[in-house]
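Breakdown of the fold
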Amino acid sequence: MAISVKQLHPLFVGEVSGVDPRRPLEPETVAEIVAAMDRYAVCVFRDQDIADEQQIAFSRNFGELEHSPNYGRGKGQEARLKHQELFDVSNLNEKNEIYDREDDRRMFRLGNQLWHTDSSFLNPRGRYSLLHARKIPPAGADTQFADERAAYDALPAALKSRVEGLVAEHFFAHIRQQLGFTGYSEAQLQARPAVRHAIAQTHPGSGRKHLYLASHASQIVGMPMPEGRVLLGQLIEFATQREFVYSHKWRIGDLVMWDNRCTMHRATPFDEEKHVRDLRRTTVSDGAVALRNAAA
Ligand code: OGA
Ligand code: MN
């Protein structure tokens, strides 16, 4: 089946039609979607009425899936979603009620409002994420995406040569530690050592150069910590200027797939004590090895 794509932003993002994620895909269709991802970096599939198992099966066409940690387990909280392949991107507790303001799961979710890319702190890192909208609030809660290939192209020459060869260390807890979150146990902090990635990379599918950044990046290897953090902050600020950013306004049934290698994203606020937002994410690992992240 031939897919068609309508571009939604001057630089990237395609709305894809002609795909039914509920059915097994032909290898040619998978290849066409991968080609669209290489071109657009973010693909939007509208009006998808899919169940958890269908989202998981569709995502598996693109590689091995990560397993979601359940940070509440240590406190005896069950996961709300039963499939380990699904990341619960909602404001609901295991009883399907809006969680308390002080709930650790809320603190955890708040980190998503900082620019990041999924699983940069794992080895292998995240390649694609697919986020499906089940319930959305009446206002707010857009997800924003930044095109880091366009950002790299636009870097001033001095900054381009400065980032060449630089390596950043990504640590899963850094994003929430910046926010003052202290709820991680020693065992959790030990379980996932920091991972190193070059800041300037070449995207394999398109051959384009891009920045690889995230609020999980805690330092630049070989640089004094404050100098590295200042530079990381400047690069993230540069890479997320308005012209590089697409804001996705969610509709129920939207399935948005993005390339974590050459984009960043962030959540935006909504009235989360009043309204339910239920999105579910699968993340395809950037490597052949299945991840077993079942948390402490
Ligand atoms: C994610 C994420 C953003 C949002 O699921 O990885 O960052 O708007 N979500 O919920
Ligand atoms: Mn994310």
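1. A short note on the coordination of the manganese ion (ligand 2)
Where a metal carries four tetrahedral donors, each ideal angle is 109.5 degrees; where it carries six octahedral donors, the ideal angles are 90 or 180 degrees. His 116 (NE2), Asp 118 (OD) and His 265 (NE2) make up the full set of protein donors to the manganese ion (ligand 2), lying at 2.1 to 2.2 Å. All donors of the manganese ion (ligand 2) belong to a single chain; written as a sequence motif, their spacing is H-x1-D-x146-H. Highlighted residues: Asp 118 in the loop between α3 (104–110) and β5 (126–135) and His 265 in strand β14 (residues 263–267), separated in sequence by 147 residues.

2. Quick notes on the environment of Leu 166
For Leu 166, the position within the fold is in the loop between α5 (157–163) and β7 (167–170). For Leu 166, a relative accessible area of 15% puts it in the buried group. With 55 residues separating them in the primary sequence, Leu 166 and Val 221 have C-alpha atoms 7.3 Å apart. Apart from the residues within four sequence positions on either side, Leu 166 is in contact with His 197, Ala 198, Ile 199, Ile 220, Met 223 and Leu 231.

3. Looking at the sheet that holds β5
Backbone hydrogen bonds are what pair the strands of a sheet, in a parallel or an antiparallel way. One open sheet accounts for seven strands, arranged β1-β2-β3-β13-β5-β15-β4; its pairing is mixed. Every other strand in the sheet has two partners, leaving β1 (4–7) and β4 (87–90) as the edge strands with one partner each. Averaged over all neighbouring strand pairs, the angle between strand axes comes to 25°, with direction disregarded. Lying on the sheet, helix α2 (residues 52–60) is in contact with β3 (42–45), β5, β13 (255–259) and β15 (278–285); it crosses β15 at an angle near 25°.

Conventions adopted
- Residues numbered from 1 in each chain as written.
- Chains lettered and ligands numbered in written order.
- Predicted model: local features only at pLDDT ≥ 70, side-chain atom pairs only at ≥ 80, totals over all residues.
- Heavy atoms only, no water.
- Donors = N, O, S within 2.8 Å, 3.2 Å for Na, K, Ca; no water.
- Helix = DSSP H or I, 4+ residues; strand = E, 2+ residues; numbered from the N terminus.
- Buried < 20%, exposed > 50% of the residue type's maximum accessible area, 1.4 Å probe, protein only.
- Contact = heavy atoms within 4.5 Å.
- Pairing = 2+ DSSP bridges.
- Axes fitted to C-alpha atoms, helices over the stretch in contact; angles between N-to-C directions.

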